[in-house]
Amino acid sequence: MKGVQSRHLDPVCGRQVEGPDGRPSSEYKKRRYFFCSERCRSTFEKQAERFRLNDLARAGALLTPGRVRWGIS
């Protein structure tokens, strides 16, 4: 659909990025990430695995019912 703007979250600085058109982007492990600037893209590419794990941890914490426990019980 033309004209529909999607929103993405820059994984480096956390800013909302309006639509992917013309924005810096990078693909890592079959997922495309969008950035507010080339600086954020460059930072991401240097530490892509760290940012990916942070995303997974955030999603896991949001989808886990109850409290999230860290460490050994």
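Structure first, text after, so check above.
Predicted, not measured: the structure shown is a model, and the values here were computed from it.

Criteria and thresholds
Residues numbered from 1 in each chain as written. Predicted model: local features only at pLDDT ≥ 70, side-chain atom pairs only at ≥ 80, totals over all residues. Heavy atoms only, no water. Salt bridge = Lys/Arg side-chain N within 4 Å of Asp/Glu carboxyl O. Buried < 20%, exposed > 50% of the residue type's maximum accessible area, 1.4 Å probe, protein only. Pairing = 2+ DSSP bridges. Helix = DSSP H or I, 4+ residues; strand = E, 2+ residues; numbered from the N terminus. Phe/Tyr/Trp six-rings, centres within 6.5 Å; stacked < 30°, edge-to-face > 60°. Lys NZ or Arg CZ within 6 Å of the ring centre and 35° of its normal.

Turning our eyes to something else, we now look at the pattern of salt bridges. All chains considered together, the criterion is met by six salt bridges. Arginine 32 serves as the salt-bridge partner of glutamate 27, at 3.2 Å between the closest nitrogen and oxygen. In this structure arginine 32 comes out as partly exposed when scored by relative accessible area, which is 41%. One salt bridge connects arginine 41 with glutamate 38, and the closest N-O pair in it is separated by 2.6 Å.

Bringing the pairing of strand β3 (residues 25-28) into the picture now. Here β3 pairs with strand β4 (residues 31-34) via four bridges, running antiparallel. When the sheet's bridge partners are listed, tyrosine 28 is paired in β4 with arginine 31. Linking two consecutive strands that pair antiparallel, namely β3 and β4, is a turn of two residues; a positive phi of about 50 degrees is found at lysine 29 within it.

The next subject is the packing of aromatic side chains. This model, assessed by the stated rule, comprises four aromatic pairs. Relative to phenylalanine 44, the ring of tyrosine 33 has its centre 4.7 Å away and its plane inclined at 40 degrees; by these criteria the two rings are tilted. Taken together, the positions of tyrosine 33 in strand β4 and phenylalanine 44 in helix α1 (residues 38-46) put the pair eleven residues apart, joining distant regions of the chain. Accessibility classification places tyrosine 33 together with phenylalanine 44 in one group, the buried group. Taken together, the ring pairs in this structure connect Tyr28, Tyr33, Phe35, Phe44 and Phe51 into an aromatic cluster. It is arginine 50 that lies over the ring of phenylalanine 51; its NZ or CZ is 4.8 Å from the centre.

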